[in-house]
Every structure is written in structure tokens, then in C-alpha cells.
Amino acid sequence: YTPAPPPVITGDTLACEGQGVVLTAGGGYDDYIWTNGFNGPTILVGPGSYMCLATSGNCRLASNEITVYEVPNPEPDVTGQLFSCGGLPATLGTDEDYAEYLWSNGSTDDGVTVGTGSYFVTVTDANGCFANSDTVNVVSANDPVCGIDSDSDQGVFPGTTVVFTSTSLSLI
């Protein structure tokens, strides 16, 4: 009789904040009992240390120990000028570099050029953890047109009353 080799636990050792990872002890055993009390060859776990006892015939075999660590999710902040004049678009980016970006307008670039509207970005860091930024509101306005008119056809002199009227156009 040749005894089976002990199970080897494999899986991710980094769990994003609030999420779990899948650990597998391999196949070919009659029964599996994990240190967290669960049974089966595959389990979903959070941060902690885990081992598995696997049964093969009359033998109980202890696996390696694996430790899962929790890593924080990214916290992206959108940066850029949220108001621009002259009808020019605004350029938005993030406060840090990330592995992947998905902007609410569909762009996957690290920065976007946008017009008036509301925008957010979903980022993924090097650990595969992801998060959304807060939504920002962008206003890209035309240059103001200013005009002032008076009721005086003559010059304005001390002691004279003059009424000024705005002839400005409101474009927002």
C-alpha cells in the first residue's frame, strides 16, 4: 500500500477588504475537514490561517498551512478643474496611479477630457482590489458676455443721476 501524499492548499493569499478568496486542497481524497470547520475540497475564506485534514482510506493527512491577508481597497479621488470657461473641456484624473481605470463615460484611460456632466471612476489596484470614486460635477461654460448701458446720451458729471442697465447675456 502506498499512502497518498498530503493535500497542498492553493489559492490567493491576498483578500480585498470585505471580500473572500477561494482555497483548494486538491482532489482525490475521501473527505476534507478545514480548520474553520468547513468540509470539501474548496472553500471561500476571509483573512486568517487555514489547514486541511484530508482522509484517504484509513489515513488522515495534514495539509500545508496557508495564511490569507486582507489588503485595503483603493480610495480614488478625482482631480482636475471642475469648472472651465470659454467652452473648453475639463481634464480629470485621479490622485494616485492604478492598474486599471473605467470612467463613467466608458473611457479606460488614466485621465479623461470631458464637458459638462457628472463623472466617477472605478479603479483596480495592483492587488486586483477595486473601488469607485465619489461623483464629481463638471461645468464647462462659455465665456461671459458683459454689457452695460446708461440712460445718459451726454457725459456723466458730478451731481448728475445716471441709471446703468446690464445688457449682459446669461449663457448658463
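Rules behind the numbers
- Residues numbered from 1 in each chain as written.
- Predicted model: local features only at pLDDT ≥ 70, side-chain atom pairs only at ≥ 80, totals over all residues.
- Heavy atoms only, no water.
- Helix = DSSP H or I, 4+ residues; strand = E, 2+ residues; numbered from the N terminus.
- Rg over C-alpha atoms; globule rule 2.2 N^0.38 Å.
- Buried < 20%, exposed > 50% of the residue type's maximum accessible area, 1.4 Å probe, protein only.
- Pairing = 2+ DSSP bridges.
- Phe/Tyr/Trp six-rings, centres within 6.5 Å; stacked < 30°, edge-to-face > 60°.
- Contact = heavy atoms within 4.5 Å.
- Disulfide = S-S within 2.5 Å.

Participant: With reference to specific residues and values, describe the overall build of the protein.
Facilitator: When its secondary structure is counted, the protein shows 0 helices and 20 strands. In terms of C-alpha radius of gyration, the protein reaches 32 Å, well past the compact-globule figure of 16 Å for 172 residues. With the C-alpha coordinates of the protein rotated into their principal frame, the extents come out at 115 × 25 × 20 Å. Burial statistics for the protein: of 172 residues in total, 30% are counted as buried.

Participant: Before we move on, can you summarise the sheet that holds strand β11 (residues 83–84) with the specific residues and values?
Facilitator: Across the sheet, 3 strands lie side by side as β11-β18-β15; this open sheet has mixed pairing. Two strands bound the open sheet, and with one partner strand each, they are β11 and β15 (117–119). Relative to strand β18 (residues 136–140), β15 runs antiparallel, the two sharing 3 bridges. Bridging from a neighbouring strand, Ser118 pairs with Asn137 of β18.

Participant: How would you explain the environment of Thr79 if you had to name every residue and give the values?
Facilitator: By the element assignment, Thr79 lies in strand β10 (residues 78–80). As a C-alpha pair, Thr79 and Leu61 span 18 residues in sequence and 54 Å in three-dimensional space.

Participant: Lay out the sheet that holds strand β5 (residues 42–45) in plain terms, naming residues and giving numbers.
Facilitator: Across a sheet, strands are paired by hydrogen bonds formed along the backbone, either parallel or antiparallel in direction. Strand order in the open sheet formed by 3 strands is β1-β3-β5, with antiparallel pairing between adjacent strands. Only two strands of the sheet have a single partner each, and these edge strands are β1 (10–11) and β5.

Participant: So what about the packing of aromatic side chains? Which residues, and what values?
Facilitator: On inspection of all chains with the given rule, the structure shows 2 aromatic pairs. Relative to Tyr32, the ring of Tyr29 lies with its centre 5.8 Å away and its plane at 85 degrees, an arrangement referred to as edge-to-face. You'll find Tyr29 and Tyr32 in the same group, each marked buried.

Participant: Hey, could you go over the side chain of Thr94 for me, with residue numbers and the actual values?
Facilitator: The topology assignment puts Thr94 in strand β12 (residues 90–94). For Thr94, a relative accessible area of 15% puts it in the buried group. What Thr94 contacts, discounting residues up to four positions off in sequence, is Asp77, Thr79, Tyr101, Trp103, Asp110, Val121 and Val123.

Participant: So, the state of the cysteines: which residues are in play, and what are the values?
Facilitator: The full count for this structure, using the stated rule, is 1 disulfide. Here Cys16 is linked by a disulfide to Cys129, with a sulfur-sulfur distance of 2.0 Å. As the torsion about the S-S bond is roughly -95 degrees, the Cys16-Cys129 disulfide counts as left-handed. Residue Cys16 is located in strand β2 (residues 14–16), and its partner Cys129 is located in the loop between β16 (121–124) and β17 (130–132); the two are separated by 113 residues in the primary sequence. Residues Cys16 and Cys129 agree in their burial class; the two are buried. Sulfur of Cys59: no disulfide; nearest cysteine sulfur belongs to Cys52 and is 15 Å away. Classification of Cys59 by relative accessible area gives partly exposed; the value is 24%.

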